[in-house]
Amino acid sequence: VSDLQRVAEALRVAGAVAVLSHESPEADAIGASLGAALAMEAAGKQVGVYNVGPLPAALRGLPGVERVQSVLDCSYPCYLVLDTTEPARTGGLLERRPAGSQLLNVDHHLDNRGFGDLNWVDPVASSAGEMVYRLLLAAGFPLSPPVATNLYAAVLTDTGGFRHANTTPDALRIGAELVAGGAAPGEIARSLYGQRDPRELHLLGLALAELGVSPDGRLAWITVSRTAQAAAGVGLEAAEDFVQYPRAVAGVVIAVAFKEAAAEEVRVSLRSWGAVDVAALARRFGGGGHRNAAGCTLGLPLAAARATLLEAAAVLARA
Ligand SMILES: [Mn+2]
């Protein structure tokens, strides 16, 4: 019996399930959660969806998103945790989980800690959305258009719009199945990518004005300072995808976005092309992620954080 089948069976027999995912969620966390929740509900279960947030505006078009709650103040016999490497990343949602309840861990991160009573971790899967799709098939839960829409949004986001190296045959096949099941690609793309506030683009402009490139051209970075956030009138939630711009510079193998959250708190997004492993780099600074997309947080002032991280990244970029 595979891990997938064990988790599917646990969900099949559960009467009530809490579905959780990581803090600062993107469409994979929320789309996978809502897809699983709506399908299990259609299969007759009592389901709650929980995330501490904050939910970016781009996710507000996902079907059922109004059901996401930030406080988990009742108990369930079964907890399904999606897209989350370790319990702390739920932002405390699991703290009051009753003894004897079942914890199911479904994730595609290589550095997942295996914290569940049952664990299905598949680092080859493109997204948690893809894993939930396979889970629904295995458990016999129905695929409705709202479920398909959420899961399509999840797969689309984590593959960078079917552009990243994790755009596997399975990701594309499942994408096709989800479209056949009622997901509308044009509407979903607009809902996810066509919701920008002009102030967010102003912040992007300020960040791009400080684009840096290493002398050898292999490393590029941008900085989103608190000064820029104040000037633009929006915070870091607007800057989630800004790292794609230094990554788009010709010849670059590692891209970095430095996002100043507080006087001594800098969130770092890392992206790479090909075999360059930025997850290993992120882990050296207490973070994690995937080979080509990772992140960490440095407890340093902005300038020191940038100097420290860029020094390590430059070595990796030359290798
Ligand atoms: Mn994911």
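Bear in mind that the values here come from a model prediction, so they are computed numbers and not experimental data.

**A closer look at the environment of Leu-236**
Point 1. When you line up the elements, Leu-236 lands in the loop between α8 (226–232) and α9 (244–247).
Point 2. If we skip the residues at most four places from it in the chain, Leu-236 touches Val-224, Gln-229, Lys-259, Glu-260, Ala-261 and Arg-267.

**Some words on the sheet that holds strand β4 (residues 78–82)**
Point 1. Spatial strand order, β3-β2-β1-β4-β5-β6: six strands in an open sheet with parallel pairing. Of all strands in the sheet, those with a lone pairing partner are β3 (68–69) and β6 (118–121), marking the two edges.
Point 2. Where strand β5 (residues 102–107) and β6 come together, four bridges link them in parallel fashion. Across the sheet, residue Asn-105 finds its bridge partner in β6, namely Asn-119.
Point 3. Helix α2 (residues 27–42) rests against β1 (16–21), β2 (46–50), β3 and β4 of the sheet, and its axis sits at about 170° to β1.
Point 4. Helix-sheet contacts for helix α3 (residues 128–139) involve β4, β5 and β6, and the interaxial angle to β6 is about 120°.

**Looking at the pattern of salt bridges**
Point 1. Counting across every chain of the model gives 13 salt bridges.
Point 2. Of the charged contacts in the structure, one is a salt bridge between Arg-267 and Glu-265, with a shortest N-O distance of 3.6 Å.
Point 3. Several salt bridges share partner residues, and in doing so they unite Asp-122, Glu-130 and Arg-134 into one network.

**What about the pairing of β1?**
Point 1. For β1, the buried fraction is high: six of the six residues fall into the buried class.
Point 2. Neither face of β1 is left uncovered, since the one carrying Ala-16, Ala-18 and Leu-20 and the one carrying Val-17, Val-19 and Ser-21 both have all their residues buried.
Point 3. What joins β1 to β2 is α2, and the crossover it makes is right-handed.
Point 4. In this structure, β1 lies alongside β4, joined through five bridges in parallel fashion. Bridging from a neighbouring strand, Val-19 pairs with Leu-80 of β4.

Thresholds applied
- Residues numbered from 1 in each chain as written.
- Predicted model: local features only at pLDDT ≥ 70, side-chain atom pairs only at ≥ 80, totals over all residues.
- Heavy atoms only, no water.
- Helix = DSSP H or I, 4+ residues; strand = E, 2+ residues; numbered from the N terminus.
- Contact = heavy atoms within 4.5 Å.
- Pairing = 2+ DSSP bridges.
- Axes fitted to C-alpha atoms, helices over the stretch in contact; angles between N-to-C directions.
- Salt bridge = Lys/Arg side-chain N within 4 Å of Asp/Glu carboxyl O.
- Buried < 20%, exposed > 50% of the residue type's maximum accessible area, 1.4 Å probe, protein only.
- Right-handed = clockwise from strand over helix to strand, strands pointing away.

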